[in-house]
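Listed below, chain by chain, are the residues.
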Amino acid sequence: MKLLSLFVMAASRSSCHALSMTSSAVTRAAPAAASTTKSFNQRALSELPPFPRTWVPLGSTFEMDGSRPNKVEFLGQSYVCYQSDVNDKNSWAVVDDACSHRLAPLSEGRVITTEADTGNEIKIKDLKKNKQHGETRRLLECAYHGWAFDANGKCTRIPQATLELQERTIRNNPKCHVQGYSTRVSKNILFAWLWPEDCLEYINDKWRQPEYWTKDMLENVNTYTRDSQYGWDTLLENIVDQSHIPWVHHGLQGTRDDSSIMNMTVIGSSTEQGMDFTFQDRTKAYERRGVIQFKAPCHMSLSAQRKPNGKNDWEHFFTMNLFAIPTKPGYSRLISTVGSAKPMNASMFGEEEAAPTAVKPRRSLFIAIFRRIPRWMAHQFTNRIVDSDVITLHKQEQERAKRGVDYENYCMPASSDRCIAPIRRWVLKHAHIPSLSTRSDDGGATAGRVVIPEPPSQRSALFDRWAQHSDQCKHCHGAFDGIQKWRRNNFLVMAASILLARHMAARVVLVGSFAMWRLLQAAEKSITTGECDHYKNH
């Protein structure tokens, strides 16, 4: 019987792997750990109200550093991911973020590269020097006692045990392993199958597959990821609401003068797979129209066109792909990309749909410059856009939770509000996210509601760019490390200039060093801390 169960498990994992490989040429699956029982995370997900069973977007391989553990969350459960093959950028592992030894977080450990035959660790400096090694494999090492796990979650090392005891424990005690999950990378987005059900049960449902969401995205897409202290449902509501942009993002994405009557329309019917919206408005200079496609439960694409007032021809305006991920109550993750391989679907406006040719980028000096600046600088601009949303959405959600109400208590008379009620009804019906509450000690009055955290004691915590973005973005983290080196070197130059201040050249260098110090200080702050005071934005 035991042999039969192992055979069935192996067959299931192989099928999942085959499914991934045939679905996309740039995907790979990491099978689950060798255990016949559900992990704590799987049991927790199965006990939640039913959520759509799809592959789950967790992060961006364009931003995450695969040589270190990266903590990710989904529906209140914690996972850790890393690049499991040094030579394959699409080979990523996802396992539960708790060491089987004494439940220490594996995300606080390190990723090590070992020789496959001997198990000896290969030092990073040797890898960087391109020293020749045989077959290698990457392991996830716990920082607490050094236990190590492979990409499947299988325990491979117990330093405190004899070799004989290690082998016996690994072979006979399934408790020593951690749960691993099937993974797929599509267009630089890392997906995992985190559910207790077998992914093969849904093999014929295209809308549950990563490629359904990413098919119109560019191949080697740049991304921006941000974790924020407001829920996934609030994030979805904000994305479909296009009328807030000239107000909340004044000076960043248009101005308040661009605000006008916007006509939002729901196209077709709402299903478990999502829904579509269109929007139209007119500014002083342009007539605009766009399409929003909600591919449930985590993806939204926004495409827009515009034409100068008095002209007949529409031109491409912008295209975005956004992933909204429910990380835990009161928190969410946004992954955004710009650009598309497919033009906007004009048939939703009663016109013939354009042929599926590549979208020609809009010509703009700002866009041309933006594409050439270092990625970490581009992320600071996007940080400013997200910062301007944070305080409003966080406090809106807190107030909704305090009152224990949902969208029925909104006052939404304008046509621009037509998208809000449908998206919130979808959340309640298909994602089964109940009403919110800020308290858990009110004698049962909040029974059945999701309790979200109290607001942080310091307003600045909502704008912690380091924790919400930069720490897990290799571009911004690398820039921060570089700035630290520049500051140390600049300090030495300033000190030397002070000692030699009797010379005019030293004084000039001192002034330049002081200006550099201020510049580096501002750059460091932009990576670590944000802020937004709308009352100052005139």
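Since the model is a prediction, treat every value here as computed from it, not as a measurement.

Caption draft 1: Local environment of the overall build of the protein chain. Across its full length, the protein chain holds 13 helices and 20 strands. Residue burial in the protein chain is summarised as follows: out of 538 residues, 48% are buried. Split by element, the accessible area of the protein chain, about 27000 Å² in all, is 54% carbon and sulfur.

Caption draft 2: Summary view of the sheet that holds strand E5 (residues 110-115). Spatially, five strands are ordered E6-E5-E7-E8-E9 in an open sheet, and the strand pairing comes out antiparallel. Every interior strand has two partners, whereas the edge strands, strand E6 (121-122) and strand E9 (155-157), have only one. Pairing geometry for strand E7 (residues 136-141) and strand E8 (residues 148-149), over two bridges, is antiparallel. Note that in E8 the partner of Leu140 across the bridge is Phe149.

Caption draft 3: Main features of the pattern of salt bridges. The full count for this structure, using the stated rule, is 24 salt bridges. Note that Glu164 is salt-bridged to Arg168, the shortest N-O span being 3.7 Å. Pair noted here: Glu164 and Arg168 are both in helix H4 (residues 163-172), with a separation of four residues, about one helical turn. Accessibility expressed as a relative area gives 57% for Glu164, which makes it exposed. Two residues, Arg424 and Asp406, come together in a salt bridge whose shortest N-O distance is 2.9 Å. Here Asp406 lies in the loop between helix H9 (375-403) and helix H10 (420-431) and Arg424 lies in helix H10, a separation of 18 residues in the sequence.

Caption draft 4: Quick peek at the packing of aromatic side chains. Enumeration according to the criterion identifies 14 aromatic pairs in this entry. Here the aromatic rings of Trp193 and Tyr202 are separated by 5.5 Å at their centres, their planes lie at 40°, and the arrangement is tilted. Note on Trp193: relative accessible area 5%, which makes it buried. Residue Tyr202 is classed as buried on the basis of its relative accessible area, which comes to 15%.

Caption draft 5: The side chain of Ser415, seen in detail. The residue Ser415 is located in the loop between H9 and H10 in this model. The class of Ser415 is buried, set by a relative accessible area of 18%. Among the polar contacts listed, one links the side chain of Ser415 to the backbone oxygen of Met262, at a separation of 2.7 Å. Aside from chain neighbours lying at most four places away, what touches Ser415 is Ile261, Met262, Asn263 and Met264.

Caption draft 6: Spotlight on the nonpolar core. Counting residues in each nonpolar core, the largest one holds 67 residues, and the members touching the most others are Phe74, Val94, Leu194, Trp232 and Met300. Other than its neighbours up to four places away in sequence, Leu194 contacts Gln42, Leu45, Val56, Leu58, Phe74, Tyr79, Val94 and Tyr181. Counting residues in hydrophobic clusters, the runner-up holds 19 residues, among them Val95, Ala104, Leu106 and Cys176.

Caption draft 7: Region of interest: the packing of helix H12 (residues 474-499) against helix H13 (residues 504-528). Two elements in contact, H12 and H13, have axes whose closest approach is 9 Å; the angle formed by their N-to-C orientations is 155°. Classified by the angle their axes make, H12 and H13 are roughly antiparallel. Between H12 and H13 the crossing geometry is left-handed. Contacts between H12 and H13 involve Cys476, Ala479, Phe480, Ile483, Gln484, Trp486, Arg487, Asn490, Val493, Met494, Ser497 and Ile498 on the former and, on the latter, Ala506, Val509, Leu510, Ser513, Phe514, Met516, Trp517, Leu520, Ala523, Glu524, Ile527 and Thr528. Residue classes in the contact of H12 with H13 are distributed as 17 nonpolar, five polar and two charged.

Caption draft 8: Inspection of unusual backbone geometry at higher detail. A cis geometry characterises the amide bond from Ala296 onward to Pro297, with omega recorded as 0°. Assignment of secondary structure puts Pro297 in the loop between strand E15 (286-295) and strand E16 (299-308). Of note in this structure, Leu75 is not a glycine but carries a positive phi near 50°. For Leu75, a relative accessible area of 16% puts it in the buried group.

Caption draft 9: Structural context of the sheet that holds strand E18 (residues 331-338). Across the sheet, seven strands lie side by side as E12-E18-E17-E16-E15-E14-E13; this open sheet has antiparallel pairing. A single partner strand is all that each edge strand has here, and the edge strands are strand E12 (224-228) and strand E13 (263-271). Ignoring which end each strand starts from, the neighbouring axes of this sheet average 15° apart. Two strands pair when backbone bridges link them, and E12 and E18 are joined in this way by five bridges, in the antiparallel orientation. Across the sheet, residue Thr225 finds its bridge partner in E18, namely Ile335. Contacts between helix H6 (residues 232-240) and the sheet are confined to E13, strand E14 (274-282), E15, E16, strand E17 (315-328) and E18, with E17 contributing the most and set at about 170° to the helix. In the packing of H10 onto the sheet, the strands contacted are E13, E14, E15 and E16, and the crossing angle to E14 comes to about 170°.

Caption draft 10: Main features of the pairing of E7. Bridge count between E5 and E7: six bridges; the pairing is antiparallel. Paired with Thr114 across the two strands is Arg137, which belongs to E7. The hairpin formed by E7 and E8 contains six residues between the paired strands, and Gly146 there has a positive phi angle of roughly 85°.

Caption draft 11: Examining the pairing of strand E11 (residues 189-193) more closely. The buried fraction of E11 is high, at five of five residues. Taking every second residue as pointing to the same face, both faces of E11 are buried, with Ile189, Phe191 and Trp193 on one and Leu190 and Ala192 on the other. Note: strand E1 (residues 56-60) against E11, four bridges, orientation antiparallel. When the sheet's bridge partners are listed, Val56 is paired in E11 with Ala192. Sheet topology places strand E10 (residues 180-186) next to E11; five bridges connect them, and they run antiparallel. Within E11, the position partnered with Ser182 by the bridge is Trp193. Between the end of E10 and the start of E11, which pair antiparallel, lie two residues, with Lys187 showing a positive phi angle near 55°.

Caption draft 12: Geometry of H12. The end-to-end C-alpha separation of H12 is 38 Å, in line with the 38 Å expected for 26 residues at 1.5 Å each. Contacts from the buried residues of H12 go to H9, helix H11 (465-468) and H13.

Caption draft 13: Quick peek at the side chain of His250. Structurally, His250 is set in the loop between helix H7 (245-248) and E13. A polar contact is formed between the side chain of His250 and the backbone oxygen of His538, at a distance of 3.4 Å. His250 has contacts with Ile245, Thr255, Arg256, Asn537 and His538, leaving out every residue within four places of it along the chain.

How each quantity is defined
- Residues numbered from 1 in each chain as written.
- Predicted model: local features only at pLDDT ≥ 70, side-chain atom pairs only at ≥ 80, totals over all residues.
- Heavy atoms only, no water.
- Helix = DSSP H or I, 4+ residues; strand = E, 2+ residues; numbered from the N terminus.
- Buried < 20%, exposed > 50% of the residue type's maximum accessible area, 1.4 Å probe, protein only.
- Areas by Shrake-Rupley, 256 points an atom, 1.4 Å probe, with all protein chains shown as cover.
- Pairing = 2+ DSSP bridges.
- Salt bridge = Lys/Arg side-chain N within 4 Å of Asp/Glu carboxyl O.
- Phe/Tyr/Trp six-rings, centres within 6.5 Å; stacked < 30°, edge-to-face > 60°.
- Polar contact = N/O pair within 3.5 Å; in protein donor to acceptor, adjacent residues only side chain to side chain.
- Contact = heavy atoms within 4.5 Å.
- Core = buried A, V, L, I, M, F, W, Y, C linked by side-chain atoms within 4.5 Å.
- Axes fitted to C-alpha atoms, helices over the stretch in contact; angles between N-to-C directions.
- Parallel < 35°, antiparallel > 145°, perpendicular 65-115°, else oblique.
- Left-handed = near helix turned anticlockwise from the far one by under 90°.
- Nonpolar A, V, L, I, M, F, W, Y, C, P; charged D, E, K, R; others polar.
- Expected span 1.5 Å × (residues − 1).

By themselves these figures say nothing about function.
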